[in-house]
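# Structure assessment
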Amino acid sequence: MHATAEETVQARLILSAHRSVRLRVTLSYRPEDPLAVRMGFPAEFSLDDPVDGCPESDDIVWVFARRLLAAGLEVPSGIGDVHVRPALGRRTLVELRAPEGTAMVQFDTADLRRFLWRSRLLVPEGEEHLHLDADRALAQLLG
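### Side note on the overall build of the protein
In terms of regular secondary structure, the protein is built from three helices and seven strands. Counted from the first residue to the last, the protein has its helices and strands arranged as β-β-β-β-α-β-β-β-α-α. Counting all 143 residues of the protein, 34% fall into the buried class. Taking all contacts inside the protein whose residues are at least 6 apart in sequence as the whole, residues at least 24 apart take part in 43%.

Given below as structure tokens:
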């Protein structure tokens, strides 16, 4: 069993220029998936319609590159569905784009830095290739 880095932090979902709501976000990193980080959001913040038989307590999880999160703390980064950029007052904005809409989530940069530091204790930056299991990844891809 591999160790993981997991941390629950408070963030703000930006609703408009003058409105936001607090939410908890679970950040996680798994050495067996060394290039990725995960952000888990409470299901009540989903734009999807509820699925029958699916517990409402299931988090919505976004998976994206650890390198993207780290770069976005310093300069605007990302293409596609996930963008990360510094914001005023030691904050970081994470923009998540889906067909249902776009969500802007604001984090304390210190929380994200602490999480990244913990992930690097498990797998140092530049050593991710030592933890990749190409056979398992190919099997998952081919399903």
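### As for unusual backbone geometry
One non-glycine residue with positive phi stands out, namely arginine 90, at about 60°. Its location among the elements puts arginine 90 in the loop between strand S5 (82–87) and strand S6 (91–98). Taking the relative accessible area as the measure of exposure, arginine 90 reaches 76% and is therefore exposed.

### Observations concerning the pairing of strand S2 (residues 20–29)
Bridge count for strand S1 (residues 5–14) against S2 is ten bridges, and the pairing is antiparallel. Each bridged residue has a counterpart across the sheet, and for alanine 11 the counterpart in S2 is leucine 23. The antiparallel hairpin formed by S1 and S2 contains five residues in its connecting segment. Here S2 runs beside strand S3 (residues 36–41); their pairing, made up of three bridges, is antiparallel. Residue pairing in the sheet places threonine 26 in a bridge with glycine 40 of S3.

### Some words on the nonpolar core
Core analysis: the biggest nonpolar cluster contains 27 residues, and Val25, Leu27, Met39, Phe41, Leu69, Val82 and Phe107 have the highest contact counts within it. Those residues within four positions of leucine 27 in sequence are excluded, and the remaining contacts are Ala5, Glu6, Glu7, Val9, Arg38, Met39, Phe107, Leu112 and Phe115.

### Some words on the side chain of arginine 66
Relative to the elements of secondary structure, arginine 66 occurs in helix H1 (residues 66–72). Here serine 119 takes part through its side chain, which lies 3.1 Å from a polar atom of the side chain of arginine 66.

About the thresholds
- Residues numbered from 1 in each chain as written.
- Predicted model: local features only at pLDDT ≥ 70, side-chain atom pairs only at ≥ 80, totals over all residues.
- Heavy atoms only, no water.
- Helix = DSSP H or I, 4+ residues; strand = E, 2+ residues; numbered from the N terminus.
- Buried < 20%, exposed > 50% of the residue type's maximum accessible area, 1.4 Å probe, protein only.
- Contact = heavy atoms within 4.5 Å.
- Pairing = 2+ DSSP bridges.
- Core = buried A, V, L, I, M, F, W, Y, C linked by side-chain atoms within 4.5 Å.
- Polar contact = N/O pair within 3.5 Å; in protein donor to acceptor, adjacent residues only side chain to side chain.

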